[in-house]
Amino acid sequence: MDDSEINARLQALRTEHRDLDTALAALQAQGAPDQLQLARLKKRKLRLRDEISVLEDQLLPDIIA
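As the structure is a computational prediction, the values presented were derived from the model and not from experiment.

Caption draft 1: Examining helix α1 (residues 3–29) more closely. For α1, with 27 residues, the first-to-last C-alpha span of 39 Å sits near the 39 Å given by 1.5 Å per residue. Taken together, the buried positions of α1 are I6, L10, L13, H17, L20, L24 and L27. Those residues of α1 that are buried lie in contact with α2 (35–59).

Caption draft 2: Spatial organisation of the pattern of salt bridges. Counted by the stated rule, this structure contains five salt bridges. Between R9 and E51 there is a salt bridge; the shortest N-O distance is 2.9 Å. With R9 in helix α1 and E51 in helix α2, the pair connects residues that are 42 residues apart, well separated along the chain. In this structure R9 comes out as partly exposed when scored by relative accessible area, which is 35%. Here E51 falls in the partly exposed class, since its relative accessible area comes to 30%. With a closest N to O distance of 3.6 Å, R49 and E56 form a salt bridge. You can call E56 partly exposed: its relative accessible area is 27%. Salt bridges sharing common partners tie together R14, R49 and E56.

Caption draft 3: Highlighting α2. Relative to the 36 Å expected for 25 residues at 1.5 Å per residue, α2 spans 36 Å between its end C-alpha atoms, a close match to the ideal helical length. As for α2, its buried residues are in contact with α1.

Caption draft 4: Quick look at the packing of α1 against α2. Interhelical geometry of α1 versus α2 gives an angle of 155° and a closest axis separation of 9 Å. Taken together, the axes of α1 and α2 lie roughly antiparallel to each other. Every pair of crossing elements has a handedness; the one defined by α1 and α2 is left-handed. In terms of residue class, the contact of α1 with α2 is made up of 13 nonpolar, five polar and 11 charged.

Criteria and cut-off values
Residues numbered from 1 in each chain as written. Predicted model: local features only at pLDDT ≥ 70, side-chain atom pairs only at ≥ 80, totals over all residues. Heavy atoms only, no water. Helix = DSSP H or I, 4+ residues; strand = E, 2+ residues; numbered from the N terminus. Expected span 1.5 Å × (residues − 1). Buried < 20%, exposed > 50% of the residue type's maximum accessible area, 1.4 Å probe, protein only. Contact = heavy atoms within 4.5 Å. Salt bridge = Lys/Arg side-chain N within 4 Å of Asp/Glu carboxyl O. Axes fitted to C-alpha atoms, helices over the stretch in contact; angles between N-to-C directions. Parallel < 35°, antiparallel > 145°, perpendicular 65-115°, else oblique. Left-handed = near helix turned anticlockwise from the far one by under 90°. Nonpolar A, V, L, I, M, F, W, Y, C, P; charged D, E, K, R; others polar.

Shown next, in the form of structure tokens:
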């Protein structure tokens, strides 16, 4: 993937990550939230965060000084 493709993918992942924040907040605001659904959304959010980190590392590689 080139930089423009990586940036586009990052934007999509960040949007989905923010959407999951909203969904989690709405689910937790319910009187008795579905714990299984909460767990699934949290796991998905963590996977997105990991994928975002990998793509960010591809854009900005570590430089050993």
